[in-house]
Amino acid sequence: MKFVTLAIAFASAVSGYTLLDASTFASKTQDGNWLVKFYSPSCPWSRRFAPTWEKVYSDLQDVLAPKDVFFAEVDCKVDRAICDAADIDGYPTVVYYSAGVNKGEVPGGQSYESLVDFAQNI
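Since the model is a prediction, treat every value here as computed from it, not as a measurement.

The rules we used
- Residue indices follow the written sequence of each chain, beginning from 1 at its first position.
- In keeping with the predicted nature of the model, local features appear solely for residues at pLDDT of at least 70, side-chain atom pairs appear and are counted solely at 80 or more, and the whole-chain, interface and lining totals rest on all residues.
- Side-chain numbers here rest on the full set of heavy atoms in the structure, without hydrogens or water.
- At least two bridges found by DSSP between two strands is the condition for calling them paired.
- Starting at the N terminus, helices and strands are each numbered in turn, a helix being any DSSP run of H or I of at least four residues and a strand any DSSP run of E of at least two.
- Definition used in this section: a nonpolar core is a set of buried Ala, Val, Leu, Ile, Met, Phe, Trp, Tyr and Cys residues joined via side-chain atoms within 4.5 Å.
- Each residue is assigned to one of three classes by its accessible area relative to the maximum for its type, calculated with a 1.4 Å probe on protein chains only: buried under 20%, partly exposed between the two thresholds, exposed over 50%.
- Two residues form a contact once any of their heavy atoms are found within 4.5 Å.
- For every residue, the predictor reports its confidence as pLDDT, a number between 0 and 100.
- Disulfides are defined as pairs of cysteine sulfur atoms found within 2.5 Å of each other.
- Residues adjacent in sequence count toward polar contacts only when both atoms are side-chain atoms; beyond that, a polar contact is any pair of N or O atoms within 3.5 Å, and within protein one must be able to donate a hydrogen and the other to accept it.

Taken together, the 5 strands give an open sheet; going across it, the order is β1-β3-β2-β4-β5, and neighbouring strands pair in mixed fashion. Two strands in the sheet have a free side with no partner beyond their single neighbour: β1 (18-19) and β5 (101-105). Note that strand β2 (residues 33-39) and strand β3 (residues 69-75) share 7 bridges and pair parallel. Bridging from a neighbouring strand, Asn33 pairs with Val69 of β3.

Encoded structure:
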């Protein structure tokens, strides 16, 4: 168990955005605005989308953090209950949360341009 926790902490530190799980999802998304990517590591579409997500995060993190806009992701293979509660029916899906409330999928949420535009206008 310690290894899994360490691996998750390391992955979060490397990527920079927050990896959410059953123990952190509600408390983290309660404050601020969150763009949450729901994915499955075995899904080819999720793997294909990963570089776009990384680029959006790296391009916007410094601009959006002061505005309380954060990036996170949930591995639906590990935390299926969170994905079910968010009505995730395909991967990857980016959902906007504000003060803990699911505000819906980001329109055009797999496009770099759509994600950047949406995030900058929160």
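Relative to β5, strand β4 (residues 93-98) is paired through 3 bridges, and the arrangement is antiparallel. Bridging from a neighbouring strand, Ser98 pairs with Val101 of β5. The loop that links β4 with its antiparallel partner β5 comprises 2 residues; one of these, Ala99, has a positive phi angle of about 50°.

What follows deals with the nonpolar core. Judged by nonpolar contacts, the single largest core of 16 residues is most densely connected at Leu35, Trp53, Leu60, Phe71, Val94 and Leu115. Looking at this core element by element, the count peaks at 6 residues for helix α3 (residues 44-64). Look past the residues within four positions of Leu60 in its chain and what remains in contact with it is Phe71, Val116, Ala119 and Gln120. Counting 14 residues, the second largest nonpolar core, distinct from the first, contains Phe25, Trp34, Phe38 and Ala72.

With that settled, consider the confidence of the model for the chain. For the chain, mean pLDDT is 88; residues scoring 70 or higher make up 87% of the total. Ignoring residues within four places in sequence, the model shows residues 1-15, a span with pLDDT below 50, making 7 contacts including any to other chains.

Applying the stated criterion across every chain, the model contains 1 disulfide. Here Cys76 engages in a disulfide with Cys83; their sulfurs sit 1.9 Å apart. Since a negative S-S torsion denotes a left-handed disulfide, the Cys76-Cys83 link at about -90° is left-handed.

With that out of the way, let us pick up the side chain of Thr93. Along the chain, Thr93 turns up in strand β4. Relative accessible area serves as the criterion here: at 7%, Thr93 is assigned to the buried category. At 2.5 Å, the side chain of Thr93 forms a polar contact with the backbone oxygen of Gly90.

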